[in-house]
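Geometric and topological summary
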Amino acid sequence: MWKKRFRNLVSWFLEYQQVIIPAALLLVTILAVNSAVRSRDKSSGKGDVWKTRYADLERRLSKFDSVFGSYPGLILVWDEKPSGQDEGWGRPKVFGSPAALASIQRFAEPGRSKDMAIRILDGLADLDAIGERDGELTLRNSLEVLRRNGEPFSISIILPEGNVIEADGRVAGSQAVLWLEDASIRGEDERTAISRFETQKLLTQDDPVAFIDMMSKAPFPIWRMSSAGKLVWVNEAYVTAVGATNMTDVLEEQTELDKLAAEEAQVVLSSQSTLENIRKVNIGSDLKSMLISLFPISGGAVGMAVDATETEGLRTALTRHIQSHDELLNNMDEAIVIFGPDQKVSFHNTAFAELFKLDPGWMNDRRSHSEWLDLMREKQLIPLRSDYREWKRTELALYTDWPNEVPDEIWSLPNGRTLRLARMRDPRGGISLLLSDITNTVTLQSQFNTLINVQAATLDKLSEGIAVFGPDGNLKISNRAFAELWGLSDEDVVQGGSFANIIQKSLPRYHDKIFWQELKARTTDPNPEVRLHVDGEIKCSDDRILTWLSRPLPDGATLIAWDDVTSSRQAEAALIERAEALEAADRLKSEFVGHVSYQLRTPLTTISGYADFLQNNLAGELSDKQSEYVFAIQTASEDLKKTIDDILDIAAIEANVLDLDLGDVDVFELLDQALDYVATKAEDTKKNLTLDCPMDVGVIRADARRLKQIVYNLLSNALRFTKPGGNIVLGARPAANGGVTVWVKDDGVGIPSDRQPQVFESFKSSRGGAGLGLALVQRFVEQHGGWVELESEEGQGTHVTFYMPREAAIDAAHPEFAFKVAE
């Protein structure tokens, strides 16, 4: 607004600068005629005739002078035609009243020319005009046509303050005549019009604050250019800026502010539009950023140059700030779009385009908010609405009716994604939208809530009492068992409840206040030396025994767990008592077995010795019948002796006093000898024995005597439970790590499946016998560090396999042997 007022003031001032007009040419003409007449009269002697003519001429001139003086305008007369293209205005003669001259000289072009007619024409030539002819109507064009072609014209020239100068051009013989009339002085007498113009002149001269000082003393350059693009006035700041001495030098040299000033003036004059730009200009000795403003006025153009260095610095800083702001927004994960007051996109970040899969070209066209909603609906990237038009109208109504509060919205899209929408009002009337893809967050929150519910349900199912206290000593989590252990109500264990209150409620069941104070300190003291892993056991006033533990958690909270072990402690005491009784019974059993075995061995040796004595006919020759009886006694003695040995071995193993006598054992040789040992018995019972073992099966470190006992027991069981004609296979193969796998397989009666779990127990037999064979096999093999497995099917046979490592376990050997190996 200030620029517009200032421009009007500049235009008014420049249009109404005061000038000096020369004396009336009419008076000169009359004096010249009078002098010529008198000179001729004296020379010819015909004075009376010439006097009469002279008087008549003076009367006629007086009438013409009265006519010209009564015309409220000026008359310009050209006696010659223009001869060249660039002749200018020529030298017209001026006629008219003093009032008209005083009126029209206000519009004369300022300058150094002494020809008032030329200055008046320059001032009025390019002002806007109205006429009957088409085309560009200016006084300059109309006079050009009149003087060259003799075409008359009548136009009205529009003055800056709104007044009108009527201009009429006619041809009078060989002369061209221009009539200029100021419509504002019609009806005024000459004295009144001149007085009014003089008053306006004085007002302009006597008000320097409003006109002269404001223009001339302005701290920034101001200049006026004619319609031809020439400088016609500049202020002092302009003179200083171009390094000139005064305004006269600037106008004579036509010193422009910079190289672009003249070009820009031509653009403004031709387009009749305002031009503004900021550029570097030398102002005196300094290069400054100047805001150059050029605007057209009637008859030319006015320019101003305002220092924009600070403004340009702020503009640069603002540009950098906007760029950094945009870069920051582009690096955000949230999608951001800004709609201006015109409801069109003014900015969007990369995340916005990626979230909604938008074509970059689509957004660069500055689409409207409405168009974006329509596109999102088409892509099903906004929630489905039953009345989309009404919803859209409500969304767009926010531009004109913004409520006091606009809460965030959760958008559940048809494709399963979930978005959070936040709306923000722009101070300029636009709306910014911030959209976050919270699909994963919602999923994680749902999973977390499910986990919390499962955790709470799990804790409630535990028999142990669980309580978690925060660093402030308030309860965070507890289960039902905790409340039941200490007799607490639901109000006592509400989340956020005080540990001190829980202690007061629990004191009747356990009275040790020091214990409770130390336990509370572990939950509230941040010192790592206090918040340790601690556990213990207490006995309550109701004789219950509780174990407890305290564990610090990573978030600063502390977990305290309680367990009622009263029943387990009672059961433990009973078990200890029972174990002690069993140990005593086992000890008595071992002592009894050992004692009985020893007591049986002596008479058995006597019986076996006498049987051998009789069998060898040392007491006389026996009959066949007697010999058969003696052989039966010998066989029974051997079986009984073996049973007694097995019992003693079992007792020694259970007492952990049986040591292995380790040595190198050739597995093939041992199996071959074992097979020969039972071959006679197999032949007597018509059973087939087979050895399936390669001779290089390997050598292992084992107790050869115990290994023979293992194989013999397995073969004895196979012979006992295999029918005549049956097959028994003794086999071996190298195993991993240098060990050997040995098996005995028969096609005998097999073992029922319900009795198979008991076959390796002592004194357990499925079909008679002592039930020690397989029990000893398992114990001897395990002492070597191996394993035994059995496969059997009733009626199909039995397959027993055992594995012997390459070297038996050292701790099973004799102490002397183990000591030597360790050395």
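Okay, so let's go over this structure. The structure presented is a predicted model; accordingly, all values stated were derived computationally and were not measured. (Residues numbered from 1 in each chain as written. Predicted model: local features only at pLDDT ≥ 70, side-chain atom pairs only at ≥ 80, totals over all residues. Heavy atoms only, no water.)

Description of helix α24 (residues 704-720)
Test applied: Each helix is a run of H or I in the DSSP string that is no shorter than four residues. Each strand is a run of E no shorter than two, and both are numbered from the N terminus. Take the number of residues in a helix, subtract one, and multiply by 1.5 Å to get its expected span. Counted as a polar contact is a pair of N or O atoms within 3.5 Å, where, for protein atoms, one must be capable of donating a hydrogen and the other of accepting one, and residues adjacent in sequence contribute only when both atoms are in side chains.
Compared with the 24 Å implied by 1.5 Å per residue over 17 residues, the 24 Å span of α24 between its first and last C-alpha is a close match. Put simply, Asp703 is the residue that caps the front of α24, since its side-chain oxygen is 3.2 Å from the backbone nitrogen of Arg705.

So, the packing of aromatic side chains
Rule in force here: Aromatic contacts are taken between Phe, Tyr and Trp rings whose centres are within 6.5 Å, Trp giving its six-membered ring; a plane angle under 30 degrees counts as stacked, one over 60 as edge-to-face, and the others as tilted. Exposure is judged per residue with a 1.4 Å probe applied to protein chains only, and the accessible area is read against the type maximum: over 50% gives exposed, under 20% gives buried, and values in between give partly exposed.
If you walk through the whole model with that rule in mind, you get 16 aromatic pairs. Ring geometry for Trp516 and Trp562: centres 5.8 Å apart, planes at 40°, overall tilted. Of this pair, Trp516 sits in helix α20 (residues 513-524) while Trp562 sits in strand β21 (residues 558-564); the two residues are 46 residues apart in sequence, bridging distant segments of the chain. Across the pair, exposure class does not vary: Trp516 and Trp562 are buried alike. Members of the aromatic cluster, each reached through a chain of ring pairs, are Trp486, Tyr510, Phe515, Trp516, Trp548 and Trp562.

Here's the deal with the sheet that holds strand β10 (residues 286-297)
As a reminder, the rule being used: Any two strands between which DSSP finds at least two bridges are classified as paired. Only the contacting stretch of a helix is used when fitting its axis, a line to C-alpha atoms as for every element, and angles between N-to-C directions run 0 to 180 degrees. We call two residues in contact whenever any of their non-hydrogen atoms come within 4.5 Å of each other.
The antiparallel open sheet is built from five strands, whose spatial order is β8-β7-β11-β10-β9. Only two strands of the sheet have a single neighbouring strand rather than two, namely β8 (231-234) and β9 (275-283). Each adjacent strand pair in this sheet contributes to an overall mean axis angle of 25°, direction not counted. Sitting on the sheet, helix α12 (residues 309-330) touches β9, β10 and β11 (300-307), and the angle it makes with β10 is about 100°.

Things to note about the sheet that holds strand β17 (residues 465-469)
Pairing within the open sheet is antiparallel, and its five strands lie in the order β18-β17-β21-β20-β19. What marks the edges here is a single partner per strand, and that holds for β18 (475-478) and β19 (534-539). On average, each strand axis in the sheet is tilted by 20° relative to the strand beside it, whichever way the strands run. Pairing of strand β20 (residues 545-552) with β21 involves seven bridges; the strand directions are antiparallel.

Observations regarding helix α19 (residues 499-506)
This is how it is decided: Note: the arc covers the axis-to-C-beta directions of the helix.
Residues of α19 that are buried: Phe499, Ile502, Ile503 and Ser506. Along the axis of α19, the buried residues cluster in a sector spanning 105°; they form a single face. Its side-chain oxygen 3.2 Å from the backbone nitrogen of Ala500, Ser498 forms the N-cap of α19.

Looking at the pattern of salt bridges
Put simply, the test is: Between Lys or Arg on one side and Asp or Glu on the other, a salt bridge is scored when a side-chain nitrogen of the former is within 4 Å of a carboxyl oxygen of the latter.
Tallying each qualifying case throughout the model produces 20 salt bridges. Residue Arg417 is joined to Asp437 by a salt bridge in which the shortest nitrogen-to-oxygen separation is 2.9 Å. Here Arg417, found in the loop between β14 (409-412) and β15 (418-425), pairs with Asp437, found in strand β16 (residues 431-437); they are 20 residues apart in sequence, far enough to count as distant. Judged by relative accessible area, Asp437 falls into the partly exposed class, the value being 39%. Between Asp555 and Lys476 there is a salt bridge, with the nearest N and O atoms lying 3.4 Å from each other. Placement of the pair is Asp555 in the loop between β20 and β21 and Lys476 in strand β18, with a sequence separation of 79 residues.

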